[in-house]
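Each chain, written out:
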Amino acid sequence: MKQLVIGVLAHVDAGKTTLSEALLYTAGAIPTLGRVDHRDAYLDTHDLERARGITIFSKQALFRTQEMAVTLLDTPGHVDFSTEMERTLQVLDYAILVISATDGVQAHTETLWRLLRRNHIPTFLFVTKMDLPNPGRAALLAGLQKGLDEGCLDFTTQDQTWAEAVALREEGVLERYLDTGTLSPRDVSGLVRLGKVTPVFFGSALHLEGVEAFLQGLETFTEAPAYGEAFAARVFKIARDHQGNRLTYLKVTGGTLSVRAPLTYLPRQGEEGVEEKVTQLRLYSGAKFQTVDTVSPGQVCAALGLTQTYPGQGLGAATPAPPPLPEPVVTYRLLLPEEVDPKVLLPKLRQLEEEDPQLHIVWDEHLRQIHAQLMGPVQMEILSNLIQERFGMELPEGEIGNIAFHFINAQQNGQFEERNREIDEVGGQILNIIRYGLKISSLEEGIAYSRLLTHLRLFVSRLLRGQMTDEDQEDVLRQRILEMCPEEYECVGRIGRFIEAKYGTQITKQEEL
């Protein structure tokens, strides 16, 4: 029986958790079908998730079919929790990307697709909400092929037309098809594994339409990974249970992991390895778990007894994973009650920071203030709730500080340091112009304004390299600015004048706006 780890990803509100629920119910893993809007979904285990109706923390569930044992990882769809989703990519064998038939491919869908391609994760698409008004199957498929990849093929009807479309994706498979007139499941699963074919299924997860056929497709067109004999594991999450026990979530990718076996690893901060013993191994499914003595390759577990592990860490023969790309863009100053000593609260916040690397806690010794760098207002709300829940401390609403500008370059070495500082300086000045022009005063406005970061990174880096000959890039930047301030054109003009004065380069003309 093949052991697979499959992640479920989607744009927020696309129907991701509903599909996870439908898969578990169809496979017989849960006796009743819960609903997000009824606040009884199997994988919405936290009160905050039930209250908001969104996934905040990645969860896992276990189910089996005749041919496969699956660890299903349900991931957050909201952009504020994107690194929580990205961490799970490190341990996935396959991914399910959920598309809403009423919305089609959205901006965040494209972002998820690029992440899956970059991490070489073979993907299945499930277009849900087909029971609601939508453009139709043909139009939806065309949108997927245009917005994602032309290898997105309809797998709901596996006839001769389907076989020909699949065979055309690879020359060797086409030759075998022309010789025999048939496609073997191994031919198709090989193309899926290589990312040359992306199976597309249609249905309605809420009404279980198309779910059984989709589950059969997962069973037929997936392959078990090959694992080595030497012990290897990848850590992807740190959490704590209700008793405060530290949990290290990891996937075993070689050998086995047993309770009480000595484990030597290198902490994030430190040059010398530490040796610890795993005191307990848990296999979680929803809020419940079972303890086991040994975990085999391909299984995901929560290990107790490890005190200095961190997300992305490689244990044994496994190599560390690169850090997630998203960087916090909003800085909050936490407003503490008078009776709370910030030095007492700070170590407690470090626990939350350890569990969520996307959360950056900064202590300002001079001002004696605690700052939290976050992705957005939803994450701040969740942080406040966690502080109250975990430490019994209610904080007033935080005060927004500044929007940070980060230029991210994969080659962080000496030759780029000076250029990156210049890019940060120029980008920060442009953003200050936009912020001034928009008179930003609230967090919500600040978050909208920070959406320009991605485009400004591209623009400023190209400008400083003397590569501003691509008019399309200039048009994209101009359009994003206009979307931000349709009635505040002055900020656009000021950006243009700033760039022209500093670099002699025009990005726009005031009269064109």
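Anything mentioned here points back to the structure above.
An account of the accompanying structure is given in this report. Given the structure is predicted, the values throughout are model-derived calculations rather than measurements.

Attention now moves to the overall build of the protein. Helix and strand counts for the protein stand at 16 helices and 21 strands. Buried residues in the protein amount to 51% of all 513 residues. Nonlocal contacts in the protein, meaning residues at least 24 apart in sequence, comprise 67% of its contacts between residues at least 6 apart. Surface accessibility of the protein: about 24,200 Å² in total, with carbon and sulfur atoms responsible for 47%.

Moving on, we get to the sheet that holds strand β7 (residues 198–202). Overall, mixed pairing links the 7 strands, which are arranged β2-β3-β1-β4-β5-β7-β6 in an open sheet. Each having just a single partner strand, β2 (59–64) and β6 (152–154) make up the two edges of the open sheet. Between one strand axis and the next, the sheet turns by 25° as a mean value, whatever way the strands run. Strand direction decides the pairing type here: strand β5 (residues 123–128) and β7, joined by 3 bridges, are parallel. By the bridge assignment for β7, L125 is matched with V200.

What follows is about the nonpolar core. With 41 residues, the main nonpolar core has I96, F155, V166, L183 and F214 as its most contacted residues. Contacts of L183, omitting those with residues within four sequence positions, involve W162, A163, V166, A167, V173, Y177 and V188. Of all hydrophobic cores here, the second largest spans 33 residues; its members include M85, L97, L148 and Y249.

When strand β13 (residues 280–285) meets strand β14 (residues 288–292), the two strands line up antiparallel, connected through 5 bridges. Bridge pairing links L283 to Q290 in β14.

Let's shift gears to unusual backbone geometry. Even without being glycine, H120 reaches a positive phi, approximately 55°. With respect to the secondary-structure elements, H120 resides in the loop between α4 (107–118) and β5. For K129, which is not glycine, the phi dihedral falls at a positive 60°. If you trace the backbone, K129 turns up in the loop between β5 and α5 (137–147).

Scanning the model with the defined rule gives 11 aromatic pairs in all. Relative to F221, the ring of W162 has its centre 6.4 Å away and its plane inclined at 50°; by these criteria the two rings are tilted. Remark: F221 occurs in the loop between α9 (211–220) and β8 (232–240) and W162 occurs in helix α6 (residues 160–167); sequence separation between them is 59 residues. For the pair formed by W162 and F221, the shared burial category is buried. Through successive ring pairs, a cluster of aromatic residues spans Y94, F124, F126, F155, W162, F201, F214 and F221. Its end group placed over the ring of Y249, K237 keeps NZ or CZ at 5.3 Å from the ring centre. The lysine or arginine in question, R282, covers the ring of F289, its NZ or CZ lying 4.2 Å from the ring centre.

With that settled, consider the pattern of salt bridges. Going through the model one piece at a time under the given rule, you end up with 7 salt bridges. A salt bridge links E150 to R169; the shortest N-O distance between them is 3.4 Å. Of this pair, E150 sits in the loop between α5 and β6 while R169 sits in the loop between α6 and α7 (171–180), and the two are 19 residues apart along the sequence. Judged by its relative accessible area of 56%, E150 is exposed. R193 is the partner of E223 in a salt bridge, and the nearest nitrogen-oxygen pair spans 2.7 Å. With E223 in the loop between α9 and β8 and R193 in helix α8 (residues 185–193), this residue pair connects regions lying 30 residues apart in the sequence. The class of E223 is buried, set by a relative accessible area of 17%. Note on R193: relative accessible area 42%, which makes it partly exposed. Linked through salt bridges whose partners overlap, the residues forming this network are D149, E150 and R169.

This brings us to helix α3 (residues 82–89). Counting buried residues in α3 gives 8 out of 8 residues, a clear majority hidden from the surface. Along its buried surface, α3 packs onto β1 (2–10), β3 (68–74), α4, β8 and α10 (342–355).

Here we take up the sheet that holds strand β17 (residues 314–316). Pairing in this open sheet of 6 strands is antiparallel, and the strands run β14-β13-β16-β9-β8-β17 from one edge to the other. The two strands at the open ends of the sheet, each matched to only one other strand, are β14 and β17. Across the sheet, the mean angle from the axis of one strand to that of its neighbour is 40°, orientation sign disregarded. Alignment of β8 against strand β9 (residues 246–254), held across 8 bridges, turns out to be antiparallel. Looking at β9, one finds that A232 is bridged to G254.

This paragraph deals with the packing of α3 against α4. Two measures define how a pair of helices packs: the angle their axes make with one another and the distance between the axes. Following both chains from N to C, one finds α3 and α4 inclined at 25°, their axes separated by 11 Å at the closest point. In terms of their interaxial angle, α3 and α4 are classed as roughly parallel. In this structure, α3 crosses over α4, and the sense of that crossing is right-handed. Contacts between α3 and α4 involve M85, E86 and L89 from the first element and L112, L115, L116 and R118 from the second.

A few words on the environment of T75. By the secondary structure assignment, T75 is in the loop between β3 and α3. Note: C-alpha distance between T75 and S58 (17 residues apart in sequence) is 4.5 Å.

This paragraph deals with the side chain of T128. If you trace the backbone, T128 turns up in strand β5. For T128, a relative accessible area of 3% translates into the label buried. At 3.0 Å, the side chain of T128 and the backbone nitrogen of A205 are in polar contact.

What counts as what
- Within each chain, residues carry numbers counting from 1 in the order of the written sequence.
- Under the rules for a predicted model, residues below a pLDDT of 70 receive no local features and side-chain atom pairs below 80 are neither given nor counted, while totals for whole chains, interfaces and linings still include all residues.
- Here the side-chain values reflect all heavy atoms present in the structure, with hydrogen atoms and water set aside.
- A run of H or I in DSSP becomes a helix once it reaches four residues, and a run of E becomes a strand once it reaches two; helices and strands are each numbered from the N terminus.
- Buried means the residue's accessible area, taken with a 1.4 Å probe over protein chains only, is under 20% of the maximum for its type, while exposed means over 50%, and partly exposed covers the values in between.
- Should any heavy atoms of two residues lie within 4.5 Å, those residues are considered in contact.
- Shrake-Rupley sampling with a 1.4 Å probe provides the accessible areas, and residues are treated as covered by the protein chains on show and by no other component.
- We treat two strands as partners when DSSP finds at least two bridges between them.
- To get an axis, fit a line to the C-alpha atoms, keeping to the stretch in contact for a helix; angles then go from 0 to 180 degrees between the N-to-C directions.
- The criterion is simple. A nonpolar core is a set of buried Ala, Val, Leu, Ile, Met, Phe, Trp, Tyr and Cys residues joined through side-chain atoms within 4.5 Å.
- Only Phe, Tyr and Trp rings are paired, with Trp represented by its six-membered ring, and only when their centres lie within 6.5 Å; those with planes under 30 degrees apart are stacked, over 60 edge-to-face, the remainder tilted.
- Criterion for a charge above a ring: Lys NZ or Arg CZ within 6 Å of the ring centre, and within 35 degrees of the ring normal.
- Definition used for salt bridges: Asp or Glu carboxyl oxygen within 4 Å of a side-chain nitrogen of Lys or Arg.
- By the definition adopted for this analysis, an angle is roughly parallel if under 35 degrees, roughly antiparallel if over 145, roughly perpendicular if from 65 to 115, and oblique otherwise.
- Each crossing is labelled by how the near helix is turned from the far one, with a counterclockwise turn of less than a right angle marking it left-handed and a clockwise turn marking it right-handed.
- Think of a polar contact as two N or O atoms within 3.5 Å of one another; within protein, one of them needs to be a possible hydrogen donor and the other a possible acceptor, and neighboring residues in sequence only count if both atoms come from side chains.

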